[in-house]
Amino acid sequence: MTAPLTPPPHQPPHDDGRQDPWQAPDPMTGHLPPVPPREDGPGLRTELREAAVVTVGVALFGLVLGALWLWLAPRVPLVSDSSAVYLKDTEGEQAIGADGTFALLALGLGVVTAAAVFLWRRRGGVPLVIGLAVGALLGGVLAWRFGVWLGPTQDVAAHAKELGKGVVFDAPLELNAKGALLAWPLSAMIVHLALTGLFGPRDPDPYAGYYTSYTPQPQEQPPAH
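Heads up: these notes are all about the structure in this document. Nothing here was measured: the structure is a model prediction, and the numbers come from that model.

**Considerations on the overall build of the protein**
Within the protein, the secondary structure is distributed over six helices and three strands. Taken from the N to the C terminus, the helices and strands of the protein come in the order α-β-β-α-α-α-β-α-α. Scored against the burial criterion, the 225 residues of the protein give a buried share of 28%. Residue pairs in contact within the protein that sit at least 24 positions apart in sequence constitute 77% of those at least 6 positions apart. With an accessible surface of roughly 14,800 Å², the protein has 64% of that area assigned to carbon and sulfur atoms.

As structure tokens, this is what we get:
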């Protein structure tokens, strides 16, 4: 005659009526409990509010980019003969240099803003990333228009007439390669994605302790008659 197998002790349910997801595995079967539900984030409303703050804050950096562009971009020299305005250096590459300066500054600012946003909110989130991209694009447009506004006058003919014949003056600041406006959002997205992948928070493994501390016990076999 054999003794009946003793069933596992009953696990009391939680107050909400659900089974405890962190209870030990059943010693009779060795099965692990179901994975507990993932914790919810801060909420959609909070994420949208943070994304709006990021959009506005990043876009305002466009004023800094515009001022730096005006300061560092090479000037295009013009000269007038009282009847028309000409390029003083017809083989010069100052216009290309102005576009390149804008693109390089935008790339650097994309790295800075992406790092700042990541340090502010390490958990990331789709609204935050969209806010970063939109803010960078708006900041690029703001930098372009702000630099042009701060730069030499757009009325070249009136300015040449005012200065007189043979006087060299700077052409208006222009961004001929409009694709440079994408340098900031692209670099910001790439850097933010890299930082999130390398240093972003990780979801804990709910079964990490079970794999190292629990060893299923063999079931007791009834003796042979």
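**Here we look at the nonpolar core**
Taken as a class, soluble globular proteins show a tendency for nonpolar side chains to be buried jointly. Formed by 28 residues in total, the largest nonpolar core has its most connected members in Trp69, Phe102 and Trp184. Listed by contribution, the elements that provide at least two residues to this core are helix 1 (44–72), helix 2 (94–120), helix 3 (126–150) and helix 5 (183–199). The element best represented in this core is helix 2, accounting for seven residues. The residues touching tryptophan 184, leaving out its near neighbours within four places in the chain, are Val58, Phe61, Gly62, Leu65, Ala106, Leu109, Gly110, Thr113, Ala136, Gly139 and Gly140.

Rules of the game
- Residues numbered from 1 in each chain as written.
- Predicted model: local features only at pLDDT ≥ 70, side-chain atom pairs only at ≥ 80, totals over all residues.
- Heavy atoms only, no water.
- Helix = DSSP H or I, 4+ residues; strand = E, 2+ residues; numbered from the N terminus.
- Buried < 20%, exposed > 50% of the residue type's maximum accessible area, 1.4 Å probe, protein only.
- Contact = heavy atoms within 4.5 Å.
- Areas by Shrake-Rupley, 256 points an atom, 1.4 Å probe, with all protein chains shown as cover.
- Core = buried A, V, L, I, M, F, W, Y, C linked by side-chain atoms within 4.5 Å.

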